[in-house]
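One-letter residues, chain by chain:
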Amino acid sequence: PAPAAKPTPAPAPVAGIVKTQDPSLLIARGTNAEMQWVSMKGQGYATPVDRFFVRNHTRTPLLDPNRWFLQINGDGLAGSQPVNFTLKQLEEDFESVELDAAIECAGNGRSFFGSQQGRSAPGTAWTLGAIGVGTWRGVRLADVLEKAGLAEGVVDVMPIGLDPEVIGSDGRSQGRVRRPIPIKKALHDVIIALEMNGRVLPADHGFPARLIVPGWVGIANTKWLGQIQVSKTPLFSAWNTTQYRLVGTGYPTDIAPLTANPLKSAFELPSGAVFPAGTKRTLTGRSWSGRWLPKRVEVSTNSGDTWKEAKLSRRNEHDAWVQWQVDWTPKSPGKRKLLARAYDAHGNTQPDATRFNRDGYWFDAVVQHPVTIS
Ligand SMILES: Nc1nc2c(c(=O)[nH]1)N[C@H]1C(S)=C(S)[C@@H](COP(=O)(O)O)O[C@H]1N2
Ligand SMILES: [Mo]
């Protein structure tokens, strides 16, 4: 008998990630894992944890909830001493709130700078799967800061993660992951989440507590929250100075740190999907923005010559996403590029190209999704 064919080796899971990594749901990318968009087809509004992308600067720490506490400190406190909250105090002493919000990495779509615009940017080569929508339950950051007691004139808060310090490419430590937030945003709609999709927060997504900063770049959503500094003077770290700004020709040199994510769209389809000619199919996808609600979505199956209005689902929450679908009967065999572009409540739409920036952030152009008609 012929020797049995060697089984294809399963892709290695990412070492610093704790949850099971099914390759049909998650793609390993360095210390990170990207959601497979096709795995959202037929799913509800939120992204299940088993396929929610993970972006780790180092690795997922395993924290003991009984020893964990959140410390609020800095010259922005009314009192002279830091104020600590245990998990039990957060759970019992504050009103519980729930919201649906996307977490999206600022570099989501980065690989298309190279594959679509001919100029690649360094960094994790995400396609469009560095986004997920969670149902987050927790407490308002505003309530916790109020209880801690704020002084007059606070301008910034600096949440700090408890994961290992980040070593830069120069071999020097950049310290723990920390990214300042202006006090106005911090008091407006930020929550300290303790639950995701109706369960205790998973280790990879920040157990026991993470920030949710609705609409803003992923880096603002500090996981494994351990400390929040409050300050009467502006705060800085690598994550709002040398990184997470748009740097490049055509961008002002004093451009502000990245805040609310731009408008984007994705098909719930693998790249290179094959469709039989003459059979009606329903194409599905989702569109999102951290700025304004997506209001319309158009799909083109002929490289942009004509566009068809997609049907949007009724649920369309701020800082999350909207599902859509459009019917398509491919006619003749061959290769095609599918396009989807959203329009927001102010008539803004996605551009045909995104101006290059050094770190490959905010690729919001219409993505050309290759498919084959057989
Ligand atoms: N402490 C800490 N918080 C963090 C990170 C991290 O590495 N450490 N990564 C940030 C980045 S860049 C993103 S995009 C999101 C990803 O959240 P997720 O892994 O839950 O999808 O978390 C942010 N919060
Ligand atoms: Mo990110």
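Numbering of residues starts from 1 in each chain and follows the order in which that chain's sequence is written. Labels are handed out in written order, letters beginning with A for the chains and numbers beginning with 1 for the ligands. The predicted origin of the model limits local features to residues at a pLDDT of at least 70 and limits the giving and counting of side-chain atom pairs to 80 or more, whereas totals for whole chains, interfaces and linings rest on all residues. Heavy atoms from the whole structure form the basis of all side-chain values; hydrogens and water molecules are not counted.

(A) A look at helix H3 (residues 141-148). Summary of the burial criterion: residues with accessible area below 20% of their type's maximum are buried, those above 50% are exposed, and those between are partly exposed, where the area comes from a 1.4 Å probe applied to protein chains only. Starting at the N terminus, helices and strands are each numbered in turn, a helix being any DSSP run of H or I of at least four residues and a strand any DSSP run of E of at least two. Within H3, the full set of buried residues consists of Leu141, Ala142, Val144, Leu145 and Ala148. Taken around the axis of H3, the buried residues stretch over an arc of 165 degrees, which confines them to a single face. Phi turns positive, to about 95 degrees, at Gly149, one or two residues after H3. Relevant arc is that of directions from the helix axis to the C-beta atoms, nothing else.

(B) Broad picture of the nonpolar core. Counting 32 residues, the largest nonpolar core has Ile72, Leu90, Val144 and Ile192 as its most contacted members. Whether two residues are in contact is decided by their heavy atoms, any of which lying within 4.5 Å being enough. Once residues lying within four places of it in the same chain are set aside, the contact partners of Val144 are Leu70, Ile72, Phe85, Leu90, Phe94, Val139 and Ile192. Tyr45, Ala320, Phe363 and Val367 belong to the second-largest nonpolar core, a separate cluster that totals 19 residues. Among the buried residues, those of types Ala, Val, Leu, Ile, Met, Phe, Trp, Tyr and Cys that are joined through side-chain atoms within 4.5 Å form a nonpolar core.

(C) Seen up close, unusual backbone geometry. Backbone torsion omega between Phe207 and Pro208 reads 5 degrees, so that peptide bond is classified as cis. Its location among the elements puts Pro208 in the loop between strand S10 (199-200) and strand S11 (210-212). Within the chain, Ser303 stands out as a residue other than glycine whose phi angle is a positive 60 degrees. Looking at the element boundaries, Ser303 is found in the loop between strand S16 (294-300) and strand S17 (308-309). The exposure class of Ser303 is exposed, given its relative accessible area of 53%. Of note in this structure, Trp362 is not a glycine but carries a positive phi near 55 degrees. Mapped onto the secondary structure, Trp362 falls in the loop between strand S20 (334-344) and strand S21 (369-373).

(D) Main features of the sheet that holds strand S13 (residues 264-267). Reading across from one edge, S13-S15-S19-S18 is the order of the four strands in this open sheet, with antiparallel pairing throughout. At either end of the open sheet lies a strand with only one pairing partner, and these are S13 and strand S18 (311-316). Between one strand axis and the next, the sheet turns through 25 degrees on average, direction left out of account. DSSP calls a pair of strands paired once it identifies at least 2 bridges connecting them. With axes taken as lines fitted to C-alpha atoms, and helix axes fitted only over the stretch in contact, angles between N-to-C directions fall between 0 and 180 degrees.

(E) Geometry of the site of ligand 1. For this description, a residue counts as near a given molecule or strand if any of its non-hydrogen atoms is within 4 Å of it. Ligand 1 sits among 20 residues. The nearest are Phe53, Asp163, His205, Arg210 and Lys223. Side-chain polar atom of His205 to an oxygen atom of ligand 1: 2.7 Å apart, as the coordinates give it. The term polar contact refers here to a pair of N or O atoms within 3.5 Å; inside protein, the definition further demands a hydrogen-donor-capable atom paired with an acceptor-capable atom, and it admits residues adjacent in sequence only when both atoms are side-chain atoms. Asn221 is positioned with one of its backbone polar atoms (N or O) 3.1 Å from a nitrogen atom of ligand 1. Note that accessible areas follow from Shrake-Rupley with a 1.4 Å probe, and for residues the cover is restricted to the protein chains shown. With the chains in place, 100% of the 540 Å² that ligand 1 exposes on its own is no longer accessible. Here the term charged refers only to Asp, Glu, Lys and Arg, the term nonpolar to Ala, Val, Leu, Ile, Met, Phe, Trp, Tyr, Cys and Pro, and the term polar to all other amino acids, Gly among them. Residues belonging to the shell around ligand 1 are distributed by class as follows: nine nonpolar, seven polar and four charged.

(F) Highlighting the side chain of Arg341. With respect to the secondary-structure elements, Arg341 resides in strand S20. For Arg341, a relative accessible area of 16% gives the class buried. A polar contact is formed between the side chain of Arg341 and the side chain of Glu298, at a distance of 2.8 Å. A polar contact of 3.2 Å, which involves the side chain of Arg341, links it to the side chain of Tyr343.

(G) Inspection of the sheet that holds strand S12 (residues 225-231) at higher detail. The strand order across the open sheet built from five strands is S4-S3-S12-S7-S8, with neighbouring strands paired in mixed fashion. Sheet topology places strand S4 (83-86) and strand S8 (181-182) at the edges, where each strand pairs with a single neighbour. Here strand S7 (residues 156-161) pairs with S8 via two bridges, running antiparallel. Pairing of Val157 across the sheet is with Ile181, part of S8.

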